[in-house]
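Below are the chains, spelled out letter by letter.
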Protein chains: 2
Amino acid sequence: MSDVKRVMGIDPGSRIAGYGIVEESGRRLAAVGHGAVRAPETSDANQKLKYIFEAFSEIIAQYNPNEMAIETVFFAQNARSALVLGQARAAAILPAMLAGIPVYEYSALQVKKALTGGGKAEKKQVADMTCRILGLKVTPKPEDVTDALALAVCHINSSPILRKLGKI
Amino acid sequence: MSDVKRVMGIDPGSRIAGYGIVEESGRRLAAVGHGAVRAPETSDANQKLKYIFEAFSEIIAQYNPNEMAIETVFFAQNARSALVLGQARAAAILPAMLAGIPVYEYSALQVKKALTGGGKAEKKQVADMTCRILGLKVTPKPEDVTDALALAVCHINSSPILRKLGKI
């Protein structure tokens, strides 16, 4: 394992997918890249999937992350939007899987706890803490991007425990 | 457009994905290949997606279809299973999209009408007619495979109308 580790957090939705790449160098964390993939406004859902897949393939080729972190989906939605979200999620996850990058999942509660120490934090507190840890003066927008960065930080902070448990 | 056209029908589920490749040569239809992709029994959903994606990439490389047909999902399911189904669906559709193969969607009703002429046919009637049209003596199992073949036949039978409308 190299001393520098890059973790890519992603928050894929059916219209916007946030991503953030966090580099861990010693005890320092830094955001080396972040942004949002916006699928084109088309009625062709399959074209959107292709777009998301190709965008994430490019982002992975550009940043070459070692690991990926994504939020576990557990909230109750209607079946139609869950299906569409599932498709977008697969299109965002597959480029990592094909590149041999391990993908780890965290619940929203785990992210909150990792970032603020408690499970009752507001979304804004999590975003503020994410920016503070990463030294970002401006909170990235849309919030999908900050969520993706928070997931990457959550994964890095959880890694020593996972490593101890032999899960990494 | 060549005289011989190959249409791949797919019926992707989260555990089993059926596929069937139908060749149209003049007025004759024949099943040139069919089978089921069974994702490995693993708790890692992302590994399953990778498996499905790679399996369909191989099938497409093997049979080189010109067009793909898939069933529109519209039935009410719970959100959790809809999400899982959406992920599997994307993993099966993406290899076609990446290979530049147009993907057409048909409802279960459209498939029934195309195969039996009416919308009230039982599943077995649709399967029997599919086998008759394709000259298959034995109905392929599991039913996901016959469903995939029926989709391919439905697309081929619908193509003259689509072509007239300039949609193909």
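For the structure, check the block above.
This text gives an overview of the structure that appears in the document. (Residues numbered from 1 in each chain as written. Chains lettered and ligands numbered in written order. Predicted model: local features only at pLDDT ≥ 70, side-chain atom pairs only at ≥ 80, totals over all residues. Heavy atoms only, no water.)

## Here we look at unusual backbone geometry
Residues and elements named next belong to chain A. A cis geometry characterises the amide bond from Lys-141 onward to Pro-142, with omega recorded as -5 degrees. Following the sequence through the fold, Pro-142 ends up in the loop between α4 (123-134) and α5 (143-164). Here Asn-64, not a glycine, exhibits a phi torsion of approximately 50 degrees, which is positive. The topology assignment puts Asn-64 in the loop between α1 (45-63) and β4 (67-71). (Helix = DSSP H or I, 4+ residues; strand = E, 2+ residues; numbered from the N terminus.)

## Section: the nonpolar core
By size, the foremost hydrophobic cluster in this structure holds 54 residues, and its most contacted members are Phe56(A) and Phe56(B). Apart from residues lying up to four places away in sequence, Phe56(A) is in contact with Met8(A), Ile10(A), Ala17(A), Gly18(A), Tyr19(A), Val37(A), Ala92(A) and Pro95(A). (Core = buried A, V, L, I, M, F, W, Y, C linked by side-chain atoms within 4.5 Å. Buried < 20%, exposed > 50% of the residue type's maximum accessible area, 1.4 Å probe, protein only. Contact = heavy atoms within 4.5 Å.)

## A closer look at empty space enclosed by the protein
One simple way to see leftover space: roll a probe sized like a water molecule over the atoms. Residue and element names in this part refer to chain A. A full pass over the atoms with the stated rule returns 1 cavity of 30 Å³ or more. Taken as a whole, the largest cavity encloses approximately 40 Å³ of empty space. Around the largest cavity sit Ser-14, Arg-15, Ala-39, Pro-40, Glu-41 and Lys-48, which together line it. Residue classes in the lining of the largest cavity are distributed as 2 nonpolar, 1 polar and 3 charged. (1 Å grid on protein atoms, 1.4 Å probe; cavity = no way out; pocket = protein on both sides within 12 Å on 5 of 7 lines; lining within 4 Å. Points joined across faces, edges and corners; volume = space filled by probe spheres on them. Nonpolar A, V, L, I, M, F, W, Y, C, P; charged D, E, K, R; others polar.)

## A look at the relation of the copies chain A and chain B
With an RMSD of 0.0 Å, chain A superimposes on chain B once it is rotated by 180 degrees and translated 0.0 Å along the axis. Given the turn and translation reported, the copies of this chain are related as if by a two-fold rotation axis. Looking at the interface residues of chain A, 100% of them are also at the interface in chain B, so both copies use one shared face. (Least-squares fit on C-alpha atoms with pLDDT ≥ 70 in both.)

## As for the sheet that holds strand β2 (residues 16-25) of chain A
Residues and elements named next belong to chain A. Pairing in this open sheet of 5 strands is mixed, and the strands run β3-β2-β1-β4-β5 from one edge to the other. Either end of the sheet is taken by a strand with one partner, and the two such strands are β3 (28-38) and β5 (103-106). Direction aside, neighbouring strands of the sheet carry axes that sit 20 degrees apart on average. In this structure, strand β1 (residues 4-12) lies alongside β2, joined through 9 bridges in antiparallel fashion. Residue pairing for β2: Gly-9 is matched across the bridge by Gly-20. Contacting β1, β4 and β5, helix α2 (residues 79-98) runs over the sheet at an angle of about 165 degrees to β1. (Pairing = 2+ DSSP bridges. Axes fitted to C-alpha atoms, helices over the stretch in contact; angles between N-to-C directions.)

## Remarks on the packing of aromatic side chains
Residues and elements named next belong to chain A. This model, assessed by the stated rule, comprises 3 aromatic pairs over all chains. Ring centres of Tyr-19 and Phe-56 lie 6.4 Å apart, and the angle between their planes is 80 degrees; this geometry places the pair in the edge-to-face category. Residue Tyr-19 is located in strand β2, and its partner Phe-56 is located in helix α1; the two are separated by 37 residues in the primary sequence. The burial state of Tyr-19 is the same as that of Phe-56; both residues are buried. (Phe/Tyr/Trp six-rings, centres within 6.5 Å; stacked < 30°, edge-to-face > 60°.)

## A few points about the layout of surface pockets
Estimated volume of the largest pocket: approximately 760 Å³. Looking at the largest pocket, it is lined by 35 residues, and the ones nearest its centre are Asp11(A), Glu71(A), Lys123(A), Glu143(A) and Asp147(A). If you list the elements that add at least two residues to the lining of the largest pocket, you get β1, β4, α2, α3 (108-116), α4 and α5 of chain A. No other element matches the 6 residues that α5(A) contributes to the lining of the largest pocket. In terms of residue class, the lining of the largest pocket is made up of 16 nonpolar, 7 polar and 12 charged. What the second largest pocket holds in volume is close to 340 Å³. The set of elements that each furnish at least two residues to the lining of the second largest pocket consists of α3 (108-116), α4 (123-134) and α5 (143-164) of chain B. Counting residues per element, the lining of the second largest pocket draws most heavily on α4(B), at 6 residues. The class makeup of the residues in the lining of the second largest pocket is 7 nonpolar, 3 polar and 9 charged.

## Some words on the sheet that holds strand β4 (residues 67-71) of chain B
Residue and element names in this part refer to chain B. Here we have 5 strands laid out as an open sheet, ordered β3-β2-β1-β4-β5, and mixed in their pairing. For this open sheet the edge positions go to β3 (28-38) and β5 (103-106), each flanked by a neighbour on one side alone. Looking at each pair of strands side by side, their axes are set apart by 20 degrees on average, direction ignored.

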